[in-house]
Amino acid sequence: LHQHRETIRRRRRALVVEGNFDLLLLAVHGIDNVVAPLGTALTREHVRTLRTYSSEAILLFDADAAGLKAAMRSIPFFLAEQVDGRVAVLPAGHDPDSFVRAEGPAAVAALVENARPLAEFAFDALVREYGLTLAGKSKITAELKALLKEAADPEQRALMAAHFSAK
């Protein structure tokens, strides 16, 4: 953050990756609005700090189960801090450093531009996990309720509840 804060401020967007190699390889390829928690999970304090530099954060986590779980775990932090978050899903078998080496910075930029809003990403992930049977919908509803509790603004909570209800 110390080294990339001015670029993040100027672009009003931070790319959040999991590890230091991801950050370094993206920076080497000219993508310099990147931060990483470097060995720790993304926390609410990290998101609060990012909010002072950027109005938007894009999670660019590994395409494995751990990366997807980390993205889901971070959603309440973005809701609580009222930071616009999106998720750029990498192709299977890639992490940010392998993807930028294989496909180049333009492919990373395209992936970032097409990043899904956190709420949509969460809903789609829950549908994939539980399905749309009655039992699946019950599990999805329970998980969404837990997420909505984290929304700081009652209006935001009501809007999200209506949005998910329609789905």
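Up top is the structure.
The notes below deal with the structure included here. Values in this document were obtained by computation on a predicted structure and should not be read as measured data.

About the thresholds
- Sequence positions are assigned chain by chain, starting from 1 and proceeding in written order.
- Given that this is a predicted model, residues contribute local features only at a pLDDT of at least 70 and side-chain atom pairs are listed and counted only at 80 or more, while totals for whole chains, interfaces and linings are drawn from all residues.
- Heavy atoms throughout the structure, all of them, feed into the side-chain values; hydrogens and water do not.
- Pairing between two strands requires that DSSP report at least two bridges joining them.
- A run of H or I in DSSP becomes a helix once it reaches four residues, and a run of E becomes a strand once it reaches two; helices and strands are each numbered from the N terminus.
- Orienting the strands away from the viewer, one traces the path from the first strand over the helix to the second; a clockwise path indicates a right-handed crossover.
- Any two residues having at least one pair of non-hydrogen atoms within 4.5 Å are treated as being in contact.
- Axis angles are defined between N-to-C directions and span 0 to 180 degrees, where every axis is a line fitted to C-alpha atoms and, for a helix, only to the segment in contact.
- Each residue's exposure class comes from its accessible area (1.4 Å probe, protein chains only) as a fraction of the maximum for that residue type: buried when under 20%, exposed when over 50%, partly exposed otherwise.

What follows is about the pairing of strand S4 (residues 84–87). Where strand S3 (residues 56–59) and S4 come together, four bridges link them in parallel fashion. Among the inter-strand pairings, glutamate 56 is bridged to a residue of S4, identified as aspartate 84. Handedness of the S3-helix H4 (residues 65–81)-S4 crossover: right-handed. Across two bridges, the pairing between S4 and strand S5 (residues 116–117) is antiparallel. When the bridges of S5 are listed, valine 87 appears paired with arginine 116.

In this section: the sheet that holds S3. On the basis of which strands lie adjacent, the open sheet formed by five strands has the order S2-S1-S3-S4-S5 and mixed pairing. On the outer flanks of this sheet lie strand S2 (34–35) and S5, each paired with one strand and no other. Sitting on the sheet, H4 is in contact with S3 and S4, with an inclination near 170° to S3.

Now for unusual backbone geometry. Look at arginine 12: it is not a glycine, yet its phi comes out positive at around 55°. With respect to the helices, strands and loops of the structure, arginine 12 is situated in the loop between helix H1 (5–11) and strand S1 (14–16). Here arginine 12 falls in the partly exposed class, since its relative accessible area comes to 37%. The phi dihedral of glutamine 82 falls on the positive side, at around 55°, and the residue is not glycine. The residue glutamine 82 is located in the loop between H4 and S4 in this model.

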